[in-house]
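Coordinates in review
Residue-level listing of the chains:
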Amino acid sequence: MLQYDNSAFYFFLLSMLSFYLIPSWYGILSRVYRILSASDKEIGAVTRTTAEQKKAEQLKKETKGLTQLLTRSFLTNLAVTVILTLVFLWLLYKVTSDEGQVNSFDPFTILEIDSGADSKIIKKAYRRLSLVYHPDKNPGDRAAAAKFIMVKKAYESLTDETAKENWEKYGNPDGKQSLEVSIGLPAFLLDTNYRNLVLVAYLIIMVVVIPLAVWTYYSDSSQYGEKDVMYDTYSWFHHALSDSSPVRSLPESLAGAAEFRTRNKPTDAGERKEIADLMQKDIKASMTKPKFNHPVVVKGNLLLHAHLLRKSNLLSPKLQDDLKYMLRCSNSLIEAMISVCKHQEWLNTAIQCIEFGQCVAQAMWSKDSPLLQLPHFTQEEVKHCENGKVKITSIKQYKELPDDQKKGMNDFTDAQKRDVAQYLNIFPDITVETRVYTDDDEDPAVYEGDLVTVEVTLTRNNLAPGEKAGLVHAPFFPFPKKESWWVMLGQLHAGKIVSIEQLSNPNQKVVHKIKFQAPPKGTYVFDLVIKSNAYVGCDAQVKVDMETKDASTLPEYKVHAEDAELDDEPTLFEEMLNANIERDSDDEDSDDEDEDADNGQAMSAADKKKEQLRKARQDDDDDDSDSD
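Quick notes on the rules
- Residues numbered from 1 in each chain as written.
- Predicted model: local features only at pLDDT ≥ 70, side-chain atom pairs only at ≥ 80, totals over all residues.
- Heavy atoms only, no water.
- Helix = DSSP H or I, 4+ residues; strand = E, 2+ residues; numbered from the N terminus.
- Buried < 20%, exposed > 50% of the residue type's maximum accessible area, 1.4 Å probe, protein only.
- Contact = heavy atoms within 4.5 Å.
- Areas by Shrake-Rupley, 256 points an atom, 1.4 Å probe, with all protein chains shown as cover.
- Patch = residues over 30% accessible without salt bridge, like charges linked within 9 Å, V, L, I, M, F, W, Y side chains within 5 Å.
- Salt bridge = Lys/Arg side-chain N within 4 Å of Asp/Glu carboxyl O.
- Lys, Arg positive; Asp, Glu negative; His and termini not counted.
- Charge placed at Lys NZ, Arg CZ, Asp CG, Glu CD.
- Core = buried A, V, L, I, M, F, W, Y, C linked by side-chain atoms within 4.5 Å.
- Pairing = 2+ DSSP bridges.
- Axes fitted to C-alpha atoms, helices over the stretch in contact; angles between N-to-C directions.
- Parallel < 35°, antiparallel > 145°, perpendicular 65-115°, else oblique.
- Nonpolar A, V, L, I, M, F, W, Y, C, P; charged D, E, K, R; others polar.
- Expected span 1.5 Å × (residues − 1).
- 1 Å grid on protein atoms, 1.4 Å probe; cavity = no way out; pocket = protein on both sides within 12 Å on 5 of 7 lines; lining within 4 Å.
- Points joined across faces, edges and corners; volume = space filled by probe spheres on them.
- Phe/Tyr/Trp six-rings, centres within 6.5 Å; stacked < 30°, edge-to-face > 60°.
- Lys NZ or Arg CZ within 6 Å of the ring centre and 35° of its normal.

**Examining the overall build of the protein chain**
Assigned secondary structure in the protein chain consists of 20 helices and eight strands. For the protein chain, with 628 residues in total, the buried portion stands at 36%. Long-range pairs, those at least 24 residues apart, make up 69% of the contacts in the protein chain between residues at least 6 apart in sequence. Just so you have it, the protein chain exposes about 38,400 Å², and 53% of that area is on carbon and sulfur atoms.

**Some words on a negative patch on the surface**
A surface patch of negative charge is lined by Glu562, Asp563, Glu565, Asp567, Asp568, Glu569, Glu574 and Glu575. Breaking the negative patch down by element, the ones donating at least two residues are α18 (561-568) and α19 (572-602). Looking at the negative patch element by element, the count peaks at five residues for α18. Tracing the sequence through the fold places Glu562 in helix α18. Judged by relative accessible area, Glu562 falls into the exposed class, the value being 54%.

**Focus: the nonpolar core**
Of all hydrophobic cores here, the largest spans 99 residues; its most connected members are Phe237, Phe356, Phe377, Tyr398, Leu528 and Ile530. If one sorts the elements of this core by residue count, helix α13 (residues 317-344) sits on top with 12 residues. Residues in contact with Ile530, not counting those within four places in the same chain, are Ile430, Val432, Val456, Leu458, Trp485, Trp486, Val487, Asp539 and Ala540. In terms of nonpolar packing, the next biggest core, distinct from the first, is built from 15 residues, Phe108, Ile110, Ala125 and Leu158 among them.

**Things to note about the pairing of strand β5 (residues 496-503)**
Here strand β4 (residues 485-491) pairs with β5 via seven bridges, running antiparallel. By the bridge assignment for β5, Gln491 is matched with Lys496. Here β4 folds back onto β5, and the loop between the two strands holds four residues, one of which, Gly495, carries a positive phi near 70°.

**What about the packing of helix α11 (residues 269-283) against α13?**
Look at α11 against α13: their axes get within 11 Å of each other, and the N-to-C directions meet at 75°. With respect to each other, α11 and α13 are oriented roughly perpendicular. Facing α11, whose interface residues are Glu271, Glu274 and Leu278, α13 presents Lys318, Leu319 and Asp322. The residue inventory of the contact of α11 with α13, partitioned by class, reads two nonpolar, no polar and four charged.

**Structural notes on helix α3 (residues 72-96)**
The end-to-end C-alpha distance of α3, which contains 25 residues, comes to 36 Å, matching closely the 36 Å that a straight helix rising 1.5 Å per residue would cover. Of all the residues in α3, the buried ones are Phe74, Thr81, Thr85, Leu91, Lys94 and Val95.

**Some thoughts on the sheet that holds strand β7 (residues 522-532)**
One open sheet accounts for five strands, arranged β2-β8-β7-β4-β5; its pairing is mixed. Because the sheet does not close on itself, it has two edges, and the strands there are β2 (446-447) and β5. Docked against the sheet, α13 engages β4 and β5, running at close to 155° with respect to β5.

**Here we look at the layout of surface pockets**
Quantified by volume, the second largest pocket comes out at close to 850 Å³. Lining the second largest pocket are 25 residues, with Lys54, Ser312, Pro475, Phe476 and Pro478 positioned closest to its centre. Looking at which element gives the most residues to the lining of the second largest pocket, the answer is α13, with five residues. In terms of residue class, the lining of the second largest pocket is built from 11 nonpolar, eight polar and six charged.

**So, the packing of aromatic side chains**
Per the counting criterion, the structure on display carries 12 aromatic pairs. Here Phe260 and Tyr325 contribute two aromatic rings whose centre-to-centre distance is 6.1 Å and whose plane-to-plane angle is 80°, an arrangement assigned as edge-to-face. Of this pair, Phe260 sits in the loop between α10 (250-255) and α11 while Tyr325 sits in helix α13, placing them 65 residues apart in sequence. Taking the relative accessible area as the measure of exposure, Tyr325 reaches 26% and is therefore partly exposed. Judged by centre distance (5.6 Å) and plane angle (80°), the rings of Phe427 and Tyr535 are edge-to-face. Linking Phe427 in the loop between α17 (414-426) and β1 (430-438) with Tyr535 in the loop between β7 and β8 (540-549), this pair joins segments that are 108 residues apart in sequence. There is no split in this pair, since Phe427 and Tyr535 are both buried. Positioned above the aromatic ring of Phe477, the side-chain terminus of Lys481 is 5.5 Å from the ring centre.

**A word on empty space enclosed by the protein**
To locate leftover empty space, one rolls a probe as large as a water molecule over the atoms. Applying the stated criterion across every chain, the model contains one cavity of 30 Å³ or more. In this structure, the largest cavity encloses a volume near 60 Å³. What lines the largest cavity is Gly44, Val46, Arg48, Glu52, Lys55, Ala56, Leu59, Leu471, Val472, Pro480 and Lys481.

Structure follows, in structure tokens:
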């Protein structure tokens, strides 16, 4: 009979614990290894200019050193893992000891006697144990009943010759068993003393623990959509954005994201006063009139403007931490804003969102000159470059000037000048080429309804062949940011969107294909807009001309006779279906014939005579009618 087996339960627990311990220890050791041995390049702490040194040092401080292991989540996971590891080792010791034999039948152990004991000791032990575990003395005790059966079997295997032979041969007094199984649960569950405890534990697990775990998982997972952005955030963006949202209103839209509603809620009067003072003294003049007065939105709007205006040093340490959290989430949230614009076909607003992402990466605002991206440049250096006969308003213009004519660096040290030169080599310089075609090799023209491909080739002229783009030079953005490009195809004057996609390929030359269905007959001019995700002033815009012809002018397609015949042939499914129908009809016919034969055999002689008389009478009637 099946019995509860402690050893099998140990093996079951070992298996379950291994599902948690193996990935947990792997995660712990991997994190320790990354912290202790990760290179500066792996964590994004690159210093191509001295302007990036502060950011690199902060990244090293935040990602390296044993102090990074002293977080609540890591320490909690470590403590749980260590405790479960000790339990795992104890269970491993139990299964490797004598107790680790699963479902083994040893009559001497069951009778609690030494192996090789004589028949007198065996009988004595059997009498003693049978009295102890007899069902009459333990009514309702399933553990005692199971023990009584095992004692009886153990006694038979040592006294009955057949049972003893079976035990010696097959390890079981009943003979060879096809499969030896037992229940992998502790034997104490059968003890009546623990019946109430087991029942309560079962109810708690089934009624409380499992439903709570399912509800917690569902409630957490159901809040997030693509790229781990909350559904409430998407709903907010649908409400806050429009087809004509200017870039100056986007900080307020971003500040209302659901990810910030708990963290950015002002906690005390002192924080509210600090926000109000900063708003009136330093930020409000550069901010558009707010549309929302919720404290969370007001605070987030203030923090983002402090970053865009490069005034984050005016914030208290707590507000700086809140701003850093917002900047950490900004990449995915701005992409979510662009996704909403794509869904709503707001091309101009999508472009504004991309430009807002550039401003966030470079800590610049809408009216600032792109020259502020140059290392060590401030408003004073920018004004110096914009004055004079030749006004320099872009980095591309500044780069083309001879070194002796580059303004704004009179007071710079040699190291600072080298930083500017290094940045000019890093700053992207792209060339965009396009080609429009269809997959038809015979006729290159585009007809309405065709699948059109616009092939976009983006070449980074600032990189050598085979070289890959590195991280974005953004010393004011506290996190590493990879260079990517937004490729948009549409019509700016109509706000129509054909495609918006982000290219993250770091190669020197990138080929991207945009496929869409050709519009009705006519001549179309599409706008192809290429924008960086992080740099200001290096975008490109190309016109894509396309003429669509009338599909009715195409030659009539004639189907070959053999191909037409193939259409009339049944498919494999139809053949199988017909075969089954024919088989069923044949079976029915055979059944009818068998039924008629059986009826004929079962017809008695009298019935046959009556049938003959009836037919003869019908023949006579037919003769009479003929004579008439």
